[in-house]
Amino acid sequence: MNLKTLLTLTTMSLIPLALAQGVTADSILKNLDATQKNTKDFSAKVSGSAEQNDSRTKFEVKIAGITASKLTRAEFLAPDALADNFLIIDNQNSYNYQFITNQVTIQKNVNASEVGGFNLNFNALNDLQTTFPSNQVDFKPITSETTPAGKAYILDATPKKGAKLEFDRLKVWVIESGWRVYRTQAFDAKGAVQFDITITDWKVNAGLKASELCKIPKDAEIIKKGSLKKFSCAI
(Lines give C-alpha, C1' and ligand atoms only; values in the text may rest on other atoms or scores of the structure.)
Protein backbone atom coordinates (compact mmCIF):
# COMPACT_ATOMS: atom_id res chain seq x y z
CA MET A 1 0.00 0.00 0.00
CA ASN A 2 1.04 3.65 -0.32
CA LEU A 3 2.53 5.03 2.87
CA LYS A 4 2.47 8.77 3.53
CA THR A 5 4.22 8.42 6.75
CA LEU A 6 7.21 6.34 7.57
CA LEU A 7 6.19 3.22 9.23
CA THR A 8 8.66 -0.26 14.39
CA LEU A 9 6.85 -2.52 16.34
CA THR A 10 7.09 -1.40 19.97
CA THR A 11 8.59 -4.16 22.07
CA MET A 12 8.08 -2.70 25.52
CA SER A 13 4.80 -2.95 27.41
CA LEU A 14 2.74 0.24 27.61
CA ILE A 15 1.13 1.33 30.88
CA PRO A 16 -2.30 3.00 30.51
CA LEU A 17 -2.73 6.40 32.17
CA ALA A 18 -5.73 8.68 32.42
CA LEU A 19 -5.92 11.64 30.04
CA ALA A 20 -4.90 14.88 31.68
CA GLN A 21 -7.75 17.29 32.28
CA GLY A 22 -8.24 19.68 29.39
CA VAL A 23 -6.30 17.59 26.87
CA THR A 24 -8.19 17.47 23.57
CA ALA A 25 -7.40 16.36 20.04
CA ASP A 26 -7.25 20.03 19.00
CA SER A 27 -4.76 20.91 21.73
CA ILE A 28 -2.52 17.97 20.80
CA LEU A 29 -2.66 18.87 17.10
CA LYS A 30 -1.88 22.52 17.87
CA ASN A 31 1.17 21.48 19.89
CA LEU A 32 2.32 19.29 17.00
CA ASP A 33 1.81 22.16 14.57
CA ALA A 34 3.84 24.52 16.79
CA THR A 35 6.67 21.99 16.95
CA GLN A 36 6.60 21.59 13.17
CA LYS A 37 6.78 25.35 12.61
CA ASN A 38 9.78 25.66 14.96
CA THR A 39 11.68 22.79 13.32
CA LYS A 40 14.33 23.94 10.87
CA ASP A 41 15.97 20.55 10.42
CA PHE A 42 15.48 17.08 11.85
CA SER A 43 16.80 13.52 11.94
CA ALA A 44 15.24 10.32 13.25
CA LYS A 45 15.03 6.56 12.82
CA VAL A 46 11.84 5.05 11.42
CA SER A 47 11.19 1.35 11.79
CA GLY A 48 8.24 -0.97 11.64
CA SER A 49 6.26 -3.24 9.36
CA ALA A 50 3.71 -2.91 6.58
CA GLU A 51 1.55 -5.11 4.40
CA GLN A 52 3.12 -5.32 0.95
CA ASN A 53 2.08 -7.69 -1.83
CA ASP A 54 0.05 -9.87 0.59
CA SER A 55 2.95 -10.26 3.01
CA ARG A 56 4.27 -8.27 5.96
CA THR A 57 7.59 -6.52 5.39
CA LYS A 58 9.75 -5.11 8.17
CA PHE A 59 11.90 -2.08 7.49
CA GLU A 60 14.23 0.39 9.14
CA VAL A 61 15.20 3.79 7.76
CA LYS A 62 17.46 6.63 8.95
CA ILE A 63 16.06 9.98 7.86
CA ALA A 64 17.22 13.58 7.95
CA GLY A 65 15.62 16.69 6.52
CA ILE A 66 15.58 20.46 6.15
CA THR A 67 11.98 21.63 6.40
CA ALA A 68 12.13 24.99 4.60
CA SER A 69 13.51 23.47 1.40
CA LYS A 70 11.50 20.24 1.80
CA LEU A 71 14.76 18.37 1.39
CA THR A 72 14.91 14.90 2.96
CA ARG A 73 17.39 12.03 2.87
CA ALA A 74 16.43 8.45 3.78
CA GLU A 75 19.02 5.71 4.20
CA PHE A 76 17.61 2.20 4.23
CA LEU A 77 18.94 -0.27 6.80
CA ALA A 78 16.33 -3.00 6.26
CA PRO A 79 14.96 -5.06 4.58
CA ASP A 80 18.08 -6.61 3.08
CA ALA A 81 16.83 -5.91 -0.44
CA LEU A 82 16.98 -2.17 0.27
CA ALA A 83 19.95 -2.04 2.65
CA ASP A 84 22.59 0.55 1.64
CA ASN A 85 20.18 2.20 -0.80
CA PHE A 86 19.15 5.77 -0.16
CA LEU A 87 16.56 8.22 -1.38
CA ILE A 88 16.75 12.02 -1.54
CA ILE A 89 13.57 14.04 -2.02
CA ASP A 90 13.41 17.78 -2.66
CA ASN A 91 10.57 20.04 -3.69
CA GLN A 92 10.98 19.15 -7.37
CA ASN A 93 12.74 15.83 -7.83
CA SER A 94 13.64 12.52 -6.24
CA TYR A 95 17.13 10.98 -6.32
CA ASN A 96 17.07 7.21 -5.91
CA TYR A 97 20.43 5.53 -5.25
CA GLN A 98 20.78 1.78 -5.85
CA PHE A 99 23.81 0.31 -4.10
CA ILE A 100 23.97 -2.84 -6.23
CA THR A 101 24.27 -0.86 -9.49
CA ASN A 102 25.92 2.26 -8.02
CA GLN A 103 23.40 4.40 -9.92
CA VAL A 104 21.38 7.48 -8.97
CA THR A 105 18.09 7.81 -10.85
CA ILE A 106 16.70 11.35 -10.86
CA GLN A 107 13.08 11.96 -11.77
CA LYS A 108 10.32 14.49 -11.21
CA ASN A 109 8.81 14.19 -7.76
CA VAL A 110 5.03 14.67 -7.92
CA ASN A 111 4.14 13.78 -4.33
CA ALA A 112 6.23 11.18 -2.59
CA SER A 113 8.70 8.85 -4.26
CA GLU A 114 8.56 5.10 -4.40
CA VAL A 115 11.38 2.83 -3.35
CA GLY A 116 11.08 -0.93 -3.18
CA GLY A 117 7.29 -0.71 -3.31
CA PHE A 118 7.05 1.84 -0.49
CA ASN A 119 5.60 5.23 -1.36
CA LEU A 120 7.10 7.48 1.26
CA ASN A 121 6.43 11.10 2.14
CA PHE A 122 9.14 11.86 4.67
CA ASN A 123 8.15 15.50 5.18
CA ALA A 124 4.78 14.40 6.62
CA LEU A 125 6.33 12.64 9.63
CA ASN A 126 5.18 15.16 12.20
CA ASP A 127 2.61 17.20 10.27
CA LEU A 128 -0.69 15.42 10.91
CA GLN A 129 -2.87 18.41 10.07
CA THR A 130 -1.43 18.67 6.58
CA THR A 131 -1.28 14.93 5.95
CA PHE A 132 -4.76 14.32 7.37
CA PRO A 133 -6.74 17.61 7.12
CA SER A 134 -9.74 18.18 9.40
CA ASN A 135 -12.16 18.15 6.47
CA GLN A 136 -11.18 14.53 5.81
CA VAL A 137 -10.37 13.05 9.23
CA ASP A 138 -11.88 13.15 12.71
CA PHE A 139 -9.30 13.01 15.52
CA LYS A 140 -10.30 11.97 19.05
CA PRO A 141 -8.07 11.41 22.10
CA ILE A 142 -8.33 7.87 23.53
CA THR A 143 -5.99 7.73 26.49
CA SER A 144 -2.35 8.23 27.43
CA GLU A 145 0.40 5.67 27.92
CA THR A 146 3.95 5.45 29.14
CA THR A 147 6.24 4.54 26.25
CA PRO A 148 10.02 4.09 26.03
CA ALA A 149 10.14 7.73 24.86
CA GLY A 150 8.01 9.04 27.73
CA LYS A 151 4.35 9.87 28.24
CA ALA A 152 2.32 9.77 25.03
CA TYR A 153 -1.23 10.74 24.14
CA ILE A 154 -3.02 8.40 21.75
CA LEU A 155 -5.23 9.88 19.05
CA ASP A 156 -7.84 7.86 17.21
CA ALA A 157 -8.43 9.02 13.63
CA THR A 158 -11.27 7.95 11.33
CA PRO A 159 -12.04 9.19 7.81
CA LYS A 160 -15.07 11.43 7.43
CA LYS A 161 -17.91 10.38 5.17
CA GLY A 162 -16.83 10.68 1.54
CA ALA A 163 -13.11 10.96 2.32
CA LYS A 164 -10.96 8.64 0.21
CA LEU A 165 -8.04 7.55 2.37
CA GLU A 166 -5.94 4.42 2.53
CA PHE A 167 -7.08 3.34 5.98
CA ASP A 168 -10.30 2.85 7.92
CA ARG A 169 -8.81 3.76 11.28
CA LEU A 170 -5.56 5.30 12.47
CA LYS A 171 -3.94 5.36 15.93
CA VAL A 172 -1.24 7.95 16.57
CA TRP A 173 0.96 8.16 19.68
CA VAL A 174 2.16 11.73 20.37
CA ILE A 175 4.95 12.25 22.90
CA GLU A 176 4.19 14.99 25.43
CA SER A 177 7.85 15.93 25.86
CA GLY A 178 8.73 17.71 22.63
CA TRP A 179 5.34 17.04 20.98
CA ARG A 180 6.39 14.61 18.27
CA VAL A 181 4.76 11.60 16.66
CA TYR A 182 6.18 8.43 18.23
CA ARG A 183 4.10 5.63 16.76
CA THR A 184 1.42 5.19 14.10
CA GLN A 185 -0.83 2.23 13.31
CA ALA A 186 -3.29 1.97 10.42
CA PHE A 187 -6.15 -0.52 10.25
CA ASP A 188 -8.39 -1.76 7.44
CA ALA A 189 -12.17 -2.25 7.59
CA LYS A 190 -11.74 -5.67 9.24
CA GLY A 191 -9.46 -4.30 11.95
CA ALA A 192 -6.29 -5.84 10.54
CA VAL A 193 -3.11 -3.79 10.95
CA GLN A 194 -1.95 -2.35 7.61
CA PHE A 195 1.18 -0.76 8.99
CA ASP A 196 2.80 -0.16 12.35
CA ILE A 197 5.70 2.28 12.63
CA THR A 198 7.75 3.85 15.40
CA ILE A 199 9.87 6.99 15.09
CA THR A 200 12.78 7.26 17.52
CA ASP A 201 16.07 9.13 18.01
CA TRP A 202 14.53 12.49 17.12
CA LYS A 203 17.06 15.34 16.82
CA VAL A 204 16.02 18.83 15.74
CA ASN A 205 17.69 22.09 14.75
CA ALA A 206 21.17 20.61 14.63
CA GLY A 207 22.20 22.88 11.75
CA LEU A 208 22.02 20.29 8.96
CA LYS A 209 23.24 21.50 5.57
CA ALA A 210 21.93 20.58 2.12
CA SER A 211 25.40 19.38 1.11
CA GLU A 212 25.22 16.72 3.84
CA LEU A 213 21.83 15.44 2.70
CA CYS A 214 22.79 15.46 -0.99
CA LYS A 215 26.03 13.50 -0.65
CA ILE A 216 26.39 10.57 -3.07
CA PRO A 217 29.29 8.30 -4.07
CA LYS A 218 31.67 10.17 -6.37
CA ASP A 219 31.75 7.31 -8.87
CA ALA A 220 27.95 6.79 -9.03
CA GLU A 221 26.34 6.83 -12.49
CA ILE A 222 23.67 9.53 -12.91
CA ILE A 223 20.49 8.59 -14.79
CA LYS A 224 17.96 11.33 -15.53
CA LYS A 225 14.35 10.50 -16.38
CA GLY A 226 11.75 12.81 -17.91
CA SER A 227 11.63 16.60 -17.79
CA LEU A 228 13.51 17.74 -14.70
CA LYS A 229 13.41 21.13 -13.01
CA LYS A 230 16.00 22.92 -10.92
CA PHE A 231 17.88 20.61 -8.57
CA SER A 232 18.11 21.32 -4.83
CA CYS A 233 20.96 18.84 -4.89
CA ALA A 234 23.84 19.85 -7.14
CA ILE A 235 24.29 16.48 -8.82
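So, how was this worked out
- Throughout, residues of each chain are indexed from 1 in the direction in which the sequence is written.
- pLDDT decides what is reported in this predicted model: residues at 70 or higher carry local features, side-chain atom pairs at 80 or more are listed and counted, and totals for whole chains, interfaces and linings draw on all residues regardless.
- Side-chain calculation: all heavy atoms of the structure are included, whereas hydrogens and water are not.
- Secondary structure elements are taken from DSSP: a helix is a run of H or I of four residues or more, a strand is a run of E of two residues or more, and numbering for both begins at the N terminus.
- Calculation of accessible area relied on Shrake-Rupley with a 1.4 Å probe; when residues are assessed, cover is drawn exclusively from the protein chains displayed.
- For this analysis, a nonpolar core means a set of buried residues of the types Ala, Val, Leu, Ile, Met, Phe, Trp, Tyr and Cys, connected via side-chain atoms within 4.5 Å.
- Relative accessibility under 20% of the residue-type maximum defines a buried residue, over 50% an exposed one, and the middle range a partly exposed one, all with a 1.4 Å probe and only protein chains included.
- A pocket here means an open set of points on a 1 Å grid, computed over the protein atoms alone, that has protein on both sides within 12 Å along at least five of seven lines. A cavity is instead a set of points where a 1.4 Å probe fits but cannot get out; residues with an atom within 4 Å of a point line either one.
- Grid points are joined across faces, edges and corners, and a volume is the space filled by probe spheres set on the points.
- Under the grouping applied here, Gly and all other residues not named as nonpolar or charged are polar, the nonpolar ones being Ala, Val, Leu, Ile, Met, Phe, Trp, Tyr, Cys and Pro and the charged ones Asp, Glu, Lys and Arg.
- Each residue carries a pLDDT score, the predictor's confidence in it, ranging from 0 to 100.
- Contact criterion: two residues are considered in contact whenever any of their non-hydrogen atoms come within 4.5 Å of each other.

Draft legend 1. How the structure looks around the overall build of the protein. In terms of regular secondary structure, the protein is built from three helices and 15 strands. Summed over its atoms, the accessible surface of the protein is roughly 12200 Å², and 49% of this surface lies on carbon and sulfur atoms.

Draft legend 2. How the structure looks around the nonpolar core. Membership of the largest hydrophobic core comes to 33 residues, with the highest contact counts inside it found for Ile 28, Ile 63, Phe 139, Leu 155, Leu 170 and Val 174. By size, the runner-up hydrophobic cluster in this structure holds 13 residues, among which are Ala 64, Phe 86, Ala 220 and Cys 233.

Draft legend 3. Structural detail: the environment of Gln 36. Examined against the element boundaries, Gln 36 turns out to sit in helix α1 (residues 25-37). Residues Gln 36 and Trp 179, 143 residues apart in the sequence, show an inter-C-alpha distance of 9.1 Å.

Draft legend 4. Focus on the layout of surface pockets. The computed volume of the second largest pocket comes to approximately 280 Å³. Looking at the second largest pocket, it is lined by 13 residues, and the ones nearest its centre are Ser 43, Ala 44, Lys 62, Ile 63 and Ala 64. Its residues assigned to classes, the lining of the second largest pocket shows five nonpolar, one polar and seven charged.

Draft legend 5. Just the confidence of the model for the protein, in detail. Averaged over the protein, the pLDDT score is 79; the fraction of residues at 70 or greater is 77%. A low-confidence stretch, residues 1-19 stays under pLDDT 50, and its non-local contacts, those more than four residues away or across chains, total 79 contacts. In this model residues 112-120 is a low-confidence stretch, pLDDT under 50, and it forms 33 contacts with partners more than four residues away in sequence or in other chains.

Draft legend 6. The arrangement of unusual backbone geometry in detail. Looking along the chain, the bond that leaves Ala 78 and enters Pro 79 is cis, with omega of 5°. Tracing the backbone through its elements, the reader meets Pro 79 in the loop between β4 (71-78) and β5 (86-89). If you check the backbone angles, Asp 84 has positive phi at about 75° while not being a glycine. Along the chain, the position of Asp 84 falls in the loop between β4 and β5. Residue Asp 201 is not a glycine yet carries a positive backbone phi of 55°. Structurally, Asp 201 can be placed in strand β14 (residues 193-204).

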